[in-house]
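# Observations on the three-dimensional arrangement
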There are 2 protein chains.
Amino acid sequence: MRKVAIQGGLGAYHGIAAENFFVGEEVEIVPCITFKDIFTSIKKDPNIIGIMAIENTIAGSLLQNYELLKTNKLPIAGEYKQRVSHCLAALPGQSIHDIKEVTSHPIALMQCVDFLETLPKVKVVEHEDTALAAKDIADKNLVGTAAICSTRAAEIYGLDILARGIETNKHNFTRFLIFGNRWIVDEIQKDEVLNKSSIVFTVPHSEGSLSQVLSVLSFYHVNLTKIQSLPIIGREWEYQFYVDIKFDNYERYQQSLTAIRPLISDLKILGDYPEGRQSEL
Amino acid sequence: MRKVAIQGGLGAYHGIAAENFFVGEEVEIVPCITFKDIFTSIKKDPNIIGIMAIENTIAGSLLQNYELLKTNKLPIAGEYKQRVSHCLAALPGQSIHDIKEVTSHPIALMQCVDFLETLPKVKVVEHEDTALAAKDIADKNLVGTAAICSTRAAEIYGLDILARGIETNKHNFTRFLIFGNRWIVDEIQKDEVLNKSSIVFTVPHSEGSLSQVLSVLSFYHVNLTKIQSLPIIGREWEYQFYVDIKFDNYERYQQSLTAIRPLISDLKILGDYPEGRQSEL
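Per an unreviewed UniProt entry, the recorded name for chain A is prephenate dehydratase, and the organism is Dysgonomonas alginatilytica. Listed under Catalytic activity (unreviewed entry) in UniProt, the entry text for chain A is "prephenate + H(+) = 3-phenylpyruvate + CO2 + H2O". We quote the UniProt Pathway (unreviewed entry) comment for chain A here in full: "Amino-acid biosynthesis; L-phenylalanine biosynthesis; phenylpyruvate from prephenate: step 1/1."

Here it is in structure tokens:
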């Protein structure tokens, strides 16, 4: 049995992704209010595994979550790419015209912006979580309020679905990272081939230095699957890069890190893991 | 006199950045509800200039705004890096303990998350704009509601400032891009040295191809100041890159584009412009 800490309540996309990642195993969800709380849960119970969204095809990267992984030093065990499809859910017996307030997580609200524009008189209220927004409506019997959430959350909390697939872009995927203490990560990765890695590093001077680093990685047949620079304000000539790489040969990958070390500073390996699966469209 | 369309109302950071960019000139702000509306305003009045946030040091890139620039084909005239410092503002005569609801733009709410955690009983409500959130409180005489906005907005709408500098990270800068029709951009850039460019391209295969592109740019002394990959879901082997580059020699930069063309596809130049100034910390 896996205990997995997620940001959000039962029916949250984090929980759905956790169940998909650990398909065939029993999963107990540990709901947390914030991403930070996931790390607190793991400190209290070192057997708990964490799962955290890291990027979304519409909203982009969650830079704060990269920072949390970096500072908390819990290695990544794996990744899962979850299709995100939202519905509008409310207490039974209401039509869409009865809705005066729509509540959800800010990212979900942003992903449904075109749909929300069709409801100009509705007040849009932030909630810390898509599933907890649905739960609140059920618990507090909020007539006239609808949540943007997963159909799973609507079912769990007994809400009627007023509209389905309301996300603007149907190619809406969130990539989740699964992480935990070293011994659990080793156990999860047992018999798996590690062919991906997430690293963070700083390039001291901009003059062609990133291209040198990428050239060296390429000589070792290490390929980029994601790159994002982060401006370091106040340190005008330094850039921090979040890079995801893929490789066929783990030893070659290790050698490539040795080869780029002299060209970079502050190298942090957030984890080596097998490339993840993707849920169906 | 410059007519500048912004997302938000008077006192919004977009307007403050517009005034800083056109320092010494008279600026008339054209408030718009959404970023899309800026382009609609320019279609109606081709002399209007647009300004749009493109990245923030805390929240990351606004990928949707890159997309808007790409599809609307209005060239970039310049950039401005605006320090963003939020305050909590409410109707006069109230203390922070009287506040039951805090309203602002989702990005501003995210930037003040640590401050908001100190007010656990307060309901957080999304607004389409920081300045309009302040205006609403004044217009509708909303007792018990506070806005997260600029001190400028608090002053314009006659609100009391209950807390200043409430953003979590003080190195909170937003980079704004200024754009418009070709002839206006040419006029704005008259006598300016163009040493920066924002480009978007697709790399057909991942095997070392980005490193080749960056190597070629480096041979031409063209340097990266920002890079961000965007996964193209459904086109597993293609990656789109948003890249900002800097150069000393415009002709060399043009040659470098010719040199990378065979290695990439879908190259779009969002604009050549002079590197922008930055507001004080």
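In summary, the two copies of the chain are related to each other by a rotation about an axis coupled with a shift along it. When chain B is fitted to chain A, the residual RMSD is 0.0 Å, and the transformation amounts to a turn of 180 degrees plus an axial shift of 0.0 Å. On the angle and the small slide along the axis, the relation comes out as a two-fold axis. Most of the interface of chain B is mirrored in chain A: 98% of its interface residues are interface residues there too.

Residue and element names in this part refer to chain A. Within the open sheet, the five strands sit side by side as β8-β7-β9-β6-β10. Their pairing is mixed. Both outer strands of the open sheet, β8 (123-126) and β10 (160-164), are each paired with one neighbouring strand and no more. Each neighbouring strand pair of the sheet contributes to a mean axis angle of 30 degrees, computed without reference to strand direction. Across four bridges, the pairing between strand β6 (residues 87-90) and strand β9 (residues 145-149) is antiparallel. Note that in β9 the partner of cysteine 87 across the bridge is cysteine 149. Where helix α6 (residues 130-139) meets the sheet, its contacts fall on β6, β7 (101-104) and β9, and the angle it forms with β9 comes to roughly 155 degrees.

Turning next to the pairing of strand β5 (residues 76-83) of chain B. Strand residues, when the strand is regular, have side chains that alternate between the two faces of the sheet. Residue and element names in this part refer to chain B. Judged by how many residues are buried, β5 sits mostly within the fold: eight of eight residues are covered. Relative to strand β11 (residues 173-179), β5 runs antiparallel, the two being bridged by seven bridges. Among the inter-strand pairings, lysine 81 is bridged to a residue of β11, identified as arginine 175.

Moving on: the domain arrangement of chain A. Residues and elements named next belong to chain A. Taken as a whole, chain A is organised into domain 1 (2-84 + 172-189), domain 2 (87-164) and domain 3 (196-273). The interface of domain 1 with domain 2 comprises 15 residues on the first partner and 14 residues on the second. Overall, the association of domain 1 and domain 2 removes approximately 1,100 Å² of surface from exposure, summing both partners, and the carbon and sulfur fraction of that is 56%. Contact with domain 2 buries surface across domain 1, with Leu10, Gly11 and Tyr13 losing the most and accounting together for 33% of the total. Measuring nitrogen to oxygen at the nearest pair gives 3.0 Å for the salt bridge that ties glutamate 19 to arginine 152. Of the residues forming the side of domain 1 that touches domain 2, the biggest block, three residues, is contributed by helix α1 (residues 13-21). In the side of domain 1 that touches domain 2, the residues fall into eight nonpolar, six polar and one charged.

A separate point is the interface of chain B and chain A. Facing 46 residues of chain B, the contacting portion of chain A comprises 45 residues. In total, about 3,600 Å² of surface goes out of reach between chain B and chain A, with carbon and sulfur atoms giving 50% of it. Taken together, the connections running from chain B to chain A amount to four salt bridges. When the shortest N-O distance is used, the salt bridge between B:Asp114 and A:Lys36 registers 3.9 Å. Across the contact surface, chain B and chain A share five residue pairs in polar contact (both at pLDDT 80 or more). Secondary-structure elements contributing two or more residues to the side of chain B that touches chain A are α3 (63-72), α4 (106-111), α5 (113-117), β8 (123-126), α9 (209-219), β13 (223-231) and β14 (239-246) of chain B. Broken down by element, the residue count for the side of chain B that touches chain A peaks at nine residues, all from β13(B). The class makeup of the residues in the side of chain B that touches chain A is 19 nonpolar, 16 polar and eleven charged.

Residue and element names in this part refer to chain B. In contact at an axis separation of 10 Å, helix α2 (residues 35-44) and α3 are set at 25 degrees when each is read in the N-to-C sense. Our classification of the angle between α2 and α3 gives roughly parallel. The chirality of how α2 crosses α3 is right-handed. Residues Phe35, Lys36, Phe39 and Lys43 of α2 form the contact with α3, whose participating residues are Asn65, Leu68, Leu69 and Asn72. By residue class, the composition of the contact of α2 with α3 is four nonpolar, two polar and two charged.

Residue and element names in this part refer to chain B. Considering the arrangement of structural elements, one finds arginine 261 in the loop between α10 (250-260) and β15 (265-273). Sequence separation of arginine 261 and aspartate 248 is 13 residues, and the distance between their C-alpha atoms is 21 Å. What arginine 261 contacts, discounting residues up to four positions off in sequence, is Leu267 and Ile269.

Now for the packing of aromatic side chains. All names here are of chain A. On inspection of all chains with the given rule, the structure shows 14 aromatic pairs over all chains. Seen from their ring centres, phenylalanine 247 and tyrosine 253 are 4.1 Å apart, and the 5 degrees between their planes marks the pair as stacked. Judged by relative accessible area, phenylalanine 247 falls into the buried class, the value being 3%. Its relative accessible area of 0% is what places tyrosine 253 among the buried residues. Ring-pair connections join several aromatic residues into one group, and the members of that group are Phe247, Tyr250 and Tyr253.

On to the UniProt feature "domain: Prephenate dehydratase" (unreviewed entry) in chain A. UniProt's feature table lists "domain: Prephenate dehydratase" (unreviewed entry) at residues 3-181 of chain A, given in the numbering used throughout. From the first C-alpha to the last, residues 3-181 of chain A spans 13 Å; its make-up is 31% helix and 32% strand.

Basis of the calculations
- Residues numbered from 1 in each chain as written.
- Chains lettered and ligands numbered in written order.
- Predicted model: local features only at pLDDT ≥ 70, side-chain atom pairs only at ≥ 80, totals over all residues.
- Heavy atoms only, no water.
- UniProt positions renumbered as here; feature names shortened; annotations may be inferred.
- Least-squares fit on C-alpha atoms with pLDDT ≥ 70 in both.
- Contact = heavy atoms within 4.5 Å.
- Pairing = 2+ DSSP bridges.
- Helix = DSSP H or I, 4+ residues; strand = E, 2+ residues; numbered from the N terminus.
- Axes fitted to C-alpha atoms, helices over the stretch in contact; angles between N-to-C directions.
- Buried < 20%, exposed > 50% of the residue type's maximum accessible area, 1.4 Å probe, protein only.
- Domains from an automatic or database assignment.
- Buried area = accessible area lost by both parts, 1.4 Å probe.
- Salt bridge = Lys/Arg side-chain N within 4 Å of Asp/Glu carboxyl O.
- Nonpolar A, V, L, I, M, F, W, Y, C, P; charged D, E, K, R; others polar.
- Polar contact = N/O pair within 3.5 Å; in protein donor to acceptor, adjacent residues only side chain to side chain.
- Parallel < 35°, antiparallel > 145°, perpendicular 65-115°, else oblique.
- Left-handed = near helix turned anticlockwise from the far one by under 90°.
- Phe/Tyr/Trp six-rings, centres within 6.5 Å; stacked < 30°, edge-to-face > 60°.

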